[in-house]
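What follows is each chain in one-letter form.
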Amino acid sequence: NQAEMLSQHLTKGRRIGILRQAYERDTTDAEIVKVFIAAVDDMKREGAVIVDPAKADVPALRERVDKTLAAAGWATPLWLETTPEDPGRGMAEAAVAAGGQLVVICGGDGTVIGRLGALVGTDVPVAVVPLGTGNLLARNLGVPTRFADALAVAVNGVDRRIDLGRVADQPF
């Protein structure tokens, strides 16, 4: 099917033009609807989630986060797991490079603060979903410590800038 093939191979933003061409070529309604749905999907906001797999049940977390983001009109996020070799700087840089409109950092103070340094100056909003024991940064920012409430703030909250300090190249 030509419409299905086009949907799978086109970059974002191009499907609307294809939709118009399909309509002008007298393509069947079902084919037009498929291309239109794909075009609408392309307009969904995109985000990335950074998580330390040693600190969280990633499959369960992924299910809850994906479901919440989808319900709020977001595309399935890019999932980035930290490693012992890269505790998150590379993941934060990858999230920005992928063009995400939101970076969700799931973890405690160490996880969150360690990733923020790579996001300074990017203008990409960061949502904190606290999974640690103290969660002092989240508490100081007024982010709820209950997982579902923190996720709701992540998708429906208001962006605000915060200061990030550095000592010997370590963010705090």
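Up top you'll find the structure we're talking about.
A brief structural summary. Treat the numbers as computed from the prediction; the structure is a model and nothing was measured.

### Re the sheet that holds strand β3 (residues 103-107)
Strand order in the open sheet formed by four strands is β2-β1-β3-β4, and the pairing between neighbours is parallel. Edge strands, defined here as strands with exactly one partner in the open sheet, are β2 (78-81) and β4 (126-130). Between one strand and the next, the sheet's axes are offset by a mean angle of 20 degrees, whatever the strand orientation. As defined by bridge partners, strand β1 (residues 48-51) adjoins β3 across four bridges and the pair is classed as parallel. Counted as the bridge partner of Val51 is Cys106 from β3. Here helix α4 (residues 58-71) sits on the sheet in contact with β1, β2 and β3, set at roughly 150 degrees to β2.

### Describing the pairing of β1
In β1, alternate side chains face the same way, and those of Ala48 and Ile50 on one face and Val49 and Val51 on the other are all buried. Summarising the sheet, β1 and β2 pair through four bridges and their orientation is parallel. If you follow Val51 over to β2, its bridge partner there is Glu81. In this fold, the crossover linking β1 to β2 by way of α4 has right-handed handedness.

### What to know about the packing of α4 against helix α8 (residues 147-156)
In contact at an axis separation of 10 Å, α4 and α8 are set at 40 degrees when each is read in the N-to-C sense. Taken as axis vectors, α4 and α8 run oblique relative to one another. Note that α4 runs across α8; the crossing there is right-handed. Contacts between α4 and α8 involve Leu61, Arg64, Val65, Thr68 and Leu69 on the former and, on the latter, Phe147, Ala148, Leu151 and Val155.

### As for unusual backbone geometry
Most of the time, phi is negative for any residue but glycine, and the peptide bond is trans. Located in the positive-phi region is Asp123, a residue other than glycine, with phi close to 65 degrees. Within the secondary structure layout, Asp123 lies in the loop between α6 (109-119) and β4. Judged by relative accessible area, which is 59%, Asp123 ranks as exposed. The phi dihedral of Asn135 falls on the positive side, at around 50 degrees, and the residue is not glycine. You can see Asn135 is positioned in the loop between β4 and α7 (136-141). Relative accessible area serves as the criterion here: at 6%, Asn135 is assigned to the buried category.

### Quick word on the environment of Pro53
Mapped onto the elements of the fold, Pro53 is located in the loop between β1 and α4. By relative accessible area, Pro53 is classed as partly exposed at 32%. The sequence separation of Pro53 and Leu80 amounts to 27 residues, and the corresponding C-alpha distance is 9.6 Å.

### Some thoughts on the nonpolar core
Counting 36 residues, the largest nonpolar core has Val51, Leu61, Val65, Val103, Val104, Cys106 and Val129 as the members making the most contacts within it. The dominant element in this core, judged by the number of residues it contributes, is α8, at five residues. With near-sequence residues (within four places) excluded, Cys106 lies in contact with Val49, Ile50, Val51, Asp52, Leu61, Thr111, Val129 and Leu131.

### Considerations on the pattern of salt bridges
Evaluation of the coordinates by the stated rule reveals four salt bridges. In this structure, Asp123 engages Arg161 in a salt bridge whose closest nitrogen and oxygen atoms are separated by 2.8 Å. With a gap of 38 residues between them, Asp123 in the loop between α6 and β4 and Arg161 in the loop between α8 and β5 (166-167) connect regions that are remote in the sequence. Each of the two residues, Asp123 as well as Arg161, counts as exposed.

About the thresholds
Residues numbered from 1 in each chain as written. Predicted model: local features only at pLDDT ≥ 70, side-chain atom pairs only at ≥ 80, totals over all residues. Heavy atoms only, no water. Pairing = 2+ DSSP bridges. Helix = DSSP H or I, 4+ residues; strand = E, 2+ residues; numbered from the N terminus. Axes fitted to C-alpha atoms, helices over the stretch in contact; angles between N-to-C directions. Contact = heavy atoms within 4.5 Å. Buried < 20%, exposed > 50% of the residue type's maximum accessible area, 1.4 Å probe, protein only. Right-handed = clockwise from strand over helix to strand, strands pointing away. Parallel < 35°, antiparallel > 145°, perpendicular 65-115°, else oblique. Left-handed = near helix turned anticlockwise from the far one by under 90°. Core = buried A, V, L, I, M, F, W, Y, C linked by side-chain atoms within 4.5 Å. Salt bridge = Lys/Arg side-chain N within 4 Å of Asp/Glu carboxyl O.

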